[in-house]
Amino acid sequence: MTKKLLFTLIFFIFYISSLNAQNTESLSRIADSLQFKEFKNEEALKIRENILQKSSKTDSLYGFNKIRYWSTQGSLAIQNNEVEKGLIYLDSVWQYKEVTPSDDYALDYLTSSVANYYVTSFPSKGVDFCLTICREYVAFLKSKKASAEMIQAIYSDLGFLNNYSRKYKASSYYNALGIELMQQETVIDSSLISEYYNWIGSNYSDQDILNKSLKYYKKGVAFGLNSDMKDPYPIIHKIGNYVNELLIYGDYDAAFKTLQLLESKKEAWLDSEYLGHMFDPHERPSSIIMTQLYFHLPFLRYYAQIGAVDKAKTVFAKMETIKEGLVNTRCDFLEPYSLAVLKMEMVWTPEENKKYLSAFTEEMKRNDCIHNYSVAKFMLGRVYFNSGEYDLMNTEFEDIAIEGASYFKTFQARVKNLRAQAALKVGNKTAFIANLQEAVVKLMKDSTHLKNKRLSITSFEKDNSALTINTMLEIADGYDQLYQSTKDSLYLYRKADLSYITAQKFNQLYKDGLFNANLEQYMFQINQNLLDHQSLFEDTTQLVNLIENNGSQHLTATFNRKRNIYTEIPEKLDVLKDIVDIKIEAIRSKEITDAPEKLDALQATSDSIKTVIQDLHDKKTNTANVEWSLTAFQNILSDNQCIIRYVIGEKSIFGIRIQKDEHKIVNLGDRIQLNTLIDKQRAVIFDRTASYRETFTDLYTKLVAPFLEDLANPSEKDLTFITQNELSYVPFAALINPNGNFLIESNPVSTAFSLPLLSVQKELKSNGKRLGVFAPIYAQNSKMPSDLMALQRSGFYELPFAQEESKEISTIFNGDLYTGTSASKEIFIQQKEQYDILHLAMHALSNTEGSQQSSLVFSEDERLLFDELYTYNIPAQLAVLSACNTGTGILKEGEDLQSLSRAFTYAGTNSTLTSLWNVNDQSTKEIMKSFYIHLKEGDAKHIALRKSNLEYLNKASEDVLRHPYYWAGFVVSGNTAPITQTSYFWWYILGGILVLGLLYTLSRKRTKPNE
């Protein structure tokens, strides 16, 4: 009985103790919430003191509750601006952290306390101290087997701290570790992974590596939009970063679409009850103002960039009004307004810039915002340079605080280059040379190579932004000026080498994006510099490779995807590749010295990933996913093929002749003069009565003769012209050679959009499907749209011969004919993938306001817009567009001539036959019928067209009918190989034999019983 009583008493004591412990922990957790969620530190501290008074040092959680007490004391002191006192308490938390229990809740509380410690220590103890705390704390969490979420949060802080100290590779390394850890989780925290990608994007942006900053900012925005983060500040900031990079890249269309998304969220985000909630309560009013400024900033940047001055000024005025409510003028709160001022430099007049930028530099100096102060000083100096006040420029530049730093090298190079140009303006040649050389040094990672006669990209940093490219081109021009005045060949080599390195950087920048007008202008400058000095390069093969791969690849990439010969890298593999490459880069830079992985092992992993990706590519095609190679292309040419690829420079037009065993580069002359001649040729076509022979002879002399005159047997060459921009208007078949004959009379002629695309198109084989012919019947209608009414007035609306043409062609190829109401847009869309040959005898209308609104006109005037065509998959081997102006269109900067032919190629069509102008309906019928007869006989497409043209010319009874207007408008582009149709004759014979055999066997069985 006594033993039972004793056991009961012991149990009761333990039970009461357990209840007390649970009650104590419940109170502690209430205090935790008051401290870190509600920021009510005084109330939390009273609970902590009460708990410690009632606790014994032998209690299991006494040590942890003591840490909580110190942490709350620290938070309260910091809240009361007693920072040093607060740090003493938080230092105790750090020193005694080992007593923290290993459960997730306790470690999560400790993580918040430690974060408070190093964030508060940052201003007084410096970034290196904070980095040390973070690294040690990661090791501590790992020893406690803490959750991945807690470790990821510290990785994010390590990324921020390294970015702040300009250790960009180390910053990316820790953010990559966070992403790597995230990949191991079953549920991904979109808000955190968005932060990782945004920081990596920021790191590359600060290094002017634009292709990578765009990639990671875009990922950051994508994950941010899908996160459950209630405070909209992070996603507003990320969208602004992304828009800014798009504007620097020159992709204004993508920037505009992103701004439309931002505008659609304006009310929901700026009126959100959670706005500013990720900041401390005492900073919340300023954080709300800052967020509003960040929201308007990308709109201002966009308007300034596109030259919408009034709109930019309106947004800036709004931002000035918002900024007046800013209580805390710390640099980070001022940042969006500062960036707005710096962008307004593009908008303001010189006098406005002097006024506003001078005031702004003083404001930045007062608030110790060193970076923006330096940038404003540079911009102010540039204003003085442009107004010829060179002494004032140099005065402003003397006070640029970040000059000589190990970061923002492009910015520093721009300062030196402007100093050089100013020295040249005042005749100080010595200072010009010295500053120009210093500008180059700023862009190099190893300036010792500057003593060499030739420079290579291996000596330069990896920066490749549009600013870097522009700066390098300006420096190259400076060396050209030096060469012109001194004739010292070293300066000519400097210009050539810097241009070549710039071309390589351009290739890195462009590789992951769309082409645009900005990039095109840089490309023209690069082409001019390289081809002007081609003799200085030993291997012009690499020069040709670089020029071709720097051209727009968007059409080729789209064609590859539509033809299913392009392999997208799986997302997880792409992420793994990024992580490994970032780790390698950080370790090699020695910014990371304590990585657990060895560099050799990481390199082996990287090589393995590349092998896997290459294997994926090889399963499709060897040419669709790799850079174009002149040597590889020459290997697929026949002996009689001659490719002439035109290259546009800033001032000149060049041509590259490519044959199986050689290539030749020719400067064809002044671009403006050639454009004038092309305009004259177009005028001759539009006025059929005008004499054409002189103009077409001049064009032959300029554009063709330089490539054929040194060949032994030029008439044996099969010519393919690869045109660009204004050259796409030239009807090469009709150019007149010295013998007075049209080029088509001596040589087969075809065209192509680009060498890489032609390489892929040559690999594709015919599927042997049938012909589909679409020929709408157009009837006059008083309610028809204005563009069709114009055709009616000009006599081009009704196409009577097109109906006859379509019936005859359909008969030749035993194809399907869609005419009348069956030639509808709906039926075409349904049948577009069913035919190997599509023949469209209909109108094509160009919209001068936008190429995407140009269209094909089906029955009942239904329009099929170009932007619809781009989205479709039309895997025909040949599309014949015997309509008006199907081969020409709007010249869009950055993406060449936006024609119907190009639209079908975007849709995956292997070759096209299109018209360069409004073709005569009757002559079209004759040429088309003849073309299909020769195509049926097995001729290559361009040979079939050549034969039909020659037949027309031979039959032309009057000289006026030999005018190029009547016959030279049609051009074949793309794969010129013959169209082969599957013949079922032998299948029928074999089927007949099998049937006869079967009948014979059955008859034998029936007669057997009677034998």
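Scroll up for the structure.
The text that follows walks through the structure, step by step, so that each part is easy to find. (Residues numbered from 1 in each chain as written. Predicted model: local features only at pLDDT ≥ 70, side-chain atom pairs only at ≥ 80, totals over all residues. Heavy atoms only, no water.)

What about the overall build of the protein?
Phase 1 of the analysis: Scanning the protein for helices and strands turns up 43 helices and 16 strands.
Phase 2 of the analysis: Of all 1011 residues assigned to the protein, the portion counted as buried reaches 54%.
Phase 3 of the analysis: Restricting the contact set of the protein to residue pairs at least 6 apart, pairs at least 24 apart contribute 70%.
Phase 4 of the analysis: For the protein, the accessible surface area stands at approximately 45600 Å², while carbon and sulfur atoms represent 51% of it. (Helix = DSSP H or I, 4+ residues; strand = E, 2+ residues; numbered from the N terminus. Buried < 20%, exposed > 50% of the residue type's maximum accessible area, 1.4 Å probe, protein only. Contact = heavy atoms within 4.5 Å. Areas by Shrake-Rupley, 256 points an atom, 1.4 Å probe, with all protein chains shown as cover.)

Re helix α23 (residues 489-510)
Phase 1 of the analysis: In this model, α23 (22 residues) spans 31 Å end to end at C-alpha, consistent with the 32 Å of a helix rising 1.5 Å per residue.
Phase 2 of the analysis: Within α23, 17 of the 22 residues are buried, which leaves the element mostly enclosed by the surrounding structure.
Phase 3 of the analysis: Residue Asp488 occupies the N-cap position of α23, its side-chain oxygen lying 3.0 Å from the main-chain nitrogen of Leu490. (Expected span 1.5 Å × (residues − 1). Polar contact = N/O pair within 3.5 Å; in protein donor to acceptor, adjacent residues only side chain to side chain.)

Some remarks on the packing of aromatic side chains
Phase 1 of the analysis: Under the definition given, this model contains 45 aromatic pairs.
Phase 2 of the analysis: Taken together, a centroid distance of 5.9 Å and an interplanar angle of 20° make the contact between Phe316 and Tyr337 stacked. Here Phe316, found in helix α15 (residues 309-323), pairs with Tyr337, found in helix α16 (residues 331-344); they are 21 residues apart in sequence, far enough to count as distant. For the pair Phe316 and Tyr337, one class covers both residues: buried.
Phase 3 of the analysis: Pairing Tyr870 with Tyr906 gives two aromatic rings, centres 4.9 Å apart and planes at 65°, and the pair type is edge-to-face. One end of the pair, Tyr870, is in helix α38 (residues 866-871); the other, Tyr906, is in helix α39 (residues 900-906), and 36 residues separate them in sequence.
Phase 4 of the analysis: With relative accessibility at 16%, the residue Tyr870 sits in the buried group. (Phe/Tyr/Trp six-rings, centres within 6.5 Å; stacked < 30°, edge-to-face > 60°.)

Topic: the state of the cysteines
Phase 1 of the analysis: With the rule as written, the count across this model stands at 1 disulfide.
Phase 2 of the analysis: Unpaired in this structure, Cys134 has its nearest cysteine sulfur neighbour in Cys130, at a distance of 6.9 Å.
Phase 3 of the analysis: Taking relative accessible area as the criterion, Cys134 reaches 0% and is therefore assigned buried. (Disulfide = S-S within 2.5 Å.)

Some points on the nonpolar core
Among soluble globular proteins, nonpolar side chains are generally buried collectively.
Phase 1 of the analysis: Counting 130 residues, the largest nonpolar core has Phe460, Leu498, Phe506 and Ile658 as its most contacted members.
Phase 2 of the analysis: Take this core: its biggest share by element is 11 residues, from helix α14 (residues 284-306).
Phase 3 of the analysis: For Ile658, the residues in contact, after removing those within four places along its chain, are Trp628, Leu630, Phe633, Gln634, Leu637, Gln641, Cys642, Ile643, His663 and Leu755.
Phase 4 of the analysis: Grouped together as the second largest cluster of nonpolar side chains are 64 residues, Ile653, Val773, Leu913 and Phe931 included. (Core = buried A, V, L, I, M, F, W, Y, C linked by side-chain atoms within 4.5 Å.)

Observations concerning helix α6 (residues 127-143)
Phase 1 of the analysis: Relative to the 24 Å expected for 17 residues at 1.5 Å per residue, α6 spans 25 Å between its end C-alpha atoms, a close match to the ideal helical length.
Phase 2 of the analysis: Along α6, the positions that sit buried rather than exposed are Val127, Cys130, Leu131, Ile133, Cys134, Tyr137, Val138, Phe140 and Leu141.
Phase 3 of the analysis: The elements touched by buried residues of α6 are α4 (83-95), α5 (104-125) and α7 (148-164).
Phase 4 of the analysis: Phi turns positive one or two residues past the end of α6, at Lys145, with a value near 55°.

A short note on the packing of helix α9 (residues 190-206) against helix α10 (residues 210-225)
Phase 1 of the analysis: Put simply, α9 and α10 touch, their axes get as near as 7 Å, and they point 160° apart. By the criterion of interaxial angle, the relationship of α9 to α10 is roughly antiparallel. Considering the relative orientation of α9 and α10, their crossing is left-handed. Contacts between α9 and α10 involve Ser190, Ile193, Ser194, Tyr197, Asn198, Ile200, Gly201, Ser202, Tyr204 and Ser205 on the former and, on the latter, Lys212, Ser213, Tyr216, Tyr217, Lys219, Gly220, Phe223 and Gly224.
Phase 2 of the analysis: The residue inventory of the contact of α9 with α10, partitioned by class, reads 7 nonpolar, 9 polar and 2 charged. (Axes fitted to C-alpha atoms, helices over the stretch in contact; angles between N-to-C directions. Parallel < 35°, antiparallel > 145°, perpendicular 65-115°, else oblique. Left-handed = near helix turned anticlockwise from the far one by under 90°. Nonpolar A, V, L, I, M, F, W, Y, C, P; charged D, E, K, R; others polar.)

Quick look at the sheet that holds strand β9 (residues 843-845)
Phase 1 of the analysis: Strands sit in the order β9-β10-β11 across an open sheet of 3 strands; the sheet is antiparallel. A strand with exactly one partner marks an edge of an open sheet, and here the two such strands are β9 and β11 (863-865). The average undirected angle you get between the axes of adjacent strands in this sheet is 25°.
Phase 2 of the analysis: Where β9 lies against strand β10 (residues 855-857), 3 bridges are found, and the strand directions are antiparallel. Across the sheet, residue Ala844 finds its bridge partner in β10, namely Leu856. (Pairing = 2+ DSSP bridges.)

Thoughts on the pairing of strand β3 (residues 662-670)
Phase 1 of the analysis: In the sheet, strand β2 (residues 652-659) pairs with β3 via 8 bridges, with the strands oriented antiparallel. Note on β3: the bridge partner recorded for Gln659 is Glu662.
Phase 2 of the analysis: As consecutive antiparallel partners, β2 and β3 are separated by 2 residues.

Structural notes on the pattern of salt bridges
One side chain can pair with another of opposite charge once the charged atoms of both are near each other.
Phase 1 of the analysis: Scanning the entire structure with this criterion turns up 41 salt bridges.
Phase 2 of the analysis: Across the salt bridge formed by Arg68 and Asp32, the nearest N and O atoms sit 3.0 Å from each other. Of the two residues, Arg68 is situated in helix α3 (residues 62-79) and Asp32 in helix α1 (residues 2-36); the sequence distance between them amounts to 36 residues.
Phase 3 of the analysis: On the accessibility criterion, Asp32 (6% relative accessible area) is buried.
Phase 4 of the analysis: Via salt bridges that share partners, Glu25, Arg29, Asp32, Arg48 and Arg68 belong to a single interconnected network. (Salt bridge = Lys/Arg side-chain N within 4 Å of Asp/Glu carboxyl O.)

Some remarks on the environment of His942
Phase 1 of the analysis: By the secondary structure assignment, His942 is in helix α41 (residues 941-955).
Phase 2 of the analysis: Overall, the relative accessible area of 4% leaves His942 in the buried class.
Phase 3 of the analysis: As for His942 and Asn975, which are separated by 33 residues in sequence, their C-alpha atoms are 9.2 Å apart.

Observations concerning the side chain of Thr468
Phase 1 of the analysis: Here Thr468 is to be found in helix α22 (residues 466-486).
Phase 2 of the analysis: The exposure class of Thr468 is buried, given its relative accessible area of 0%.
Phase 3 of the analysis: At 2.9 Å, the side chain of Thr468 forms a polar contact with the side chain of Thr410.

Some words on unusual backbone geometry
Phase 1 of the analysis: In this model, Phe39 sits at a positive phi of 60°, which is unusual for a non-glycine residue.
Phase 2 of the analysis: Note that Phe39 resides in the loop between α1 and α2 (41-54).
Phase 3 of the analysis: Phe39 sits in the partly exposed class, given a relative accessible area of 22%.
Phase 4 of the analysis: One non-glycine residue, Lys487, lies in the positive phi region at around 60°.
Phase 5 of the analysis: Considering the arrangement of structural elements, one finds Lys487 in the loop between α22 and α23.
Phase 6 of the analysis: Classification of Lys487 as exposed rests on a relative accessible area of 53%.

Coordinates in, geometry out; function isn't part of it.
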